[in-house]
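# Secondary and tertiary structure notes
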Amino acid sequence: RCEPTEVSVMPRTPPAPKRQATLHDMGKVVSSRAFSYYNVTSEDVDRYKATLEDADTTKEEFMTALRHLSSMLMTRDLLTSSMIGKVVSRLRRKHPDEEVRKLAGAMVDKWKLEVIRQVDVDRKVERRSRGDVRTFIEAGRGGSGWRR
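Keep in mind that this is a model prediction, so the values were computed, not measured.

### Quick look at the packing of helix α2 (residues 59-70) against helix α5 (residues 98-130)
Where α2 meets α5, the axes come as close as 10 Å, and the angle between the chain directions of the two elements is 15°. Our classification of the angle between α2 and α5 gives roughly parallel. At the point where α2 passes α5, the crossing takes the left-handed sense. Across the interface between the two elements, Lys59, Phe62, Met63, Leu66, Arg67, Leu69 and Ser70 of α2 pack against Glu99, Val100, Leu103, Ala104, Met107, Lys110 and Trp111 of α5. Grouping the amino acids of the contact of α2 with α5 by side-chain chemistry returns nine nonpolar, one polar and four charged.

### What about the environment of Trp111?
Secondary-structure assignment places Trp111 in helix α5. Sequence-distant contacts of Trp111, that is, excluding residues within four places in its chain, are made with Leu69, Met74, Leu79, Ile84, Gly85 and Val88.

### Quick notes on the side chain of Lys49
Inspection of the secondary structure puts Lys49 in helix α1 (residues 42-53). With no salt bridge to any partner, buried Lys49 finds its closest opposite charge in Glu53, at an N-O distance of 4.4 Å. Filtering out sequence-adjacent residues up to four positions away, Lys49 remains in contact with Ser82, Met83, Ile84 and Val87.

### Brief notes about unusual backbone geometry
Backbone geometry follows two general trends: most residues other than glycine have a negative phi, and most peptide bonds adopt the trans configuration. In the Ramachandran plot, Met83 falls in the positive-phi region, its phi being about 60° despite a non-glycine side chain. Mapped onto the secondary structure, Met83 falls in the loop between α3 (76-82) and α4 (84-94).

### Description of the pattern of salt bridges
Pairs may arise between side chains of opposite charge once their charged atoms sit close together. Enumeration over the complete set of coordinates arrives at six salt bridges. For Asp44, the salt bridge is made with Arg47, and the minimal N-O distance between the two is 3.7 Å. With a gap of three residues between them, Asp44 and Arg47 both fall in helix α1, about one helical turn apart. When its relative accessible area of 41% is taken as the criterion, Arg47 is described as partly exposed. Residues participating in the shared-partner salt-bridge network are Lys59, Asp97 and Glu99.

### Digging into the packing of α1 against α2
Packed helices, taken two at a time, are described by the angle their axes make and the gap between the axes. The contact between α1 and α2 brings their axes to 9 Å, and the two run at 155°. In terms of their interaxial angle, α1 and α2 are classed as roughly antiparallel. When you trace α1 past α2, the crossing you get is left-handed. From α1, Val45, Tyr48, Thr51 and Leu52 reach across to α2, where they touch Glu61, Phe62, Ala65, Leu66, His68 and Leu69. A per-class count over the contact of α1 with α2 returns seven nonpolar, two polar and one charged.

Rules of the game
Residues numbered from 1 in each chain as written. Predicted model: local features only at pLDDT ≥ 70, side-chain atom pairs only at ≥ 80, totals over all residues. Heavy atoms only, no water. Axes fitted to C-alpha atoms, helices over the stretch in contact; angles between N-to-C directions. Helix = DSSP H or I, 4+ residues; strand = E, 2+ residues; numbered from the N terminus. Parallel < 35°, antiparallel > 145°, perpendicular 65-115°, else oblique. Left-handed = near helix turned anticlockwise from the far one by under 90°. Contact = heavy atoms within 4.5 Å. Nonpolar A, V, L, I, M, F, W, Y, C, P; charged D, E, K, R; others polar. Buried < 20%, exposed > 50% of the residue type's maximum accessible area, 1.4 Å probe, protein only. Lys, Arg positive; Asp, Glu negative; His and termini not counted. Salt bridge = Lys/Arg side-chain N within 4 Å of Asp/Glu carboxyl O.

Below, the structure written as structure tokens:
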């Protein structure tokens, strides 16, 4: 027969207070600077451009790349230096899948509007920095406008 041995019992500590989990606490969540709307680099765009130009790309890969590009803020400089607009425009016209064509078309329209807004803002900032003030007459309002 075995003689009973003495078992030491550790005092129980209270459980730690619960707190809300953060992204870094979650193992499967990947956060990347590449998916940030404002922090877009030419390397980010080039990566998706390569996917769109690859002949072996599946429809799902096309759609994923287009969605990621759509979620990025494209500046005029970024569009011209990467030439991603030409690639997406070609997809808009020539891709065999209608869903890819529609998404590519929506992106081209969105990018055009973004560039127009950026150009307008740049012009306003430039005018303010020069101190230019248009007169009512120059603005096409006619009448007895004031002059600077």
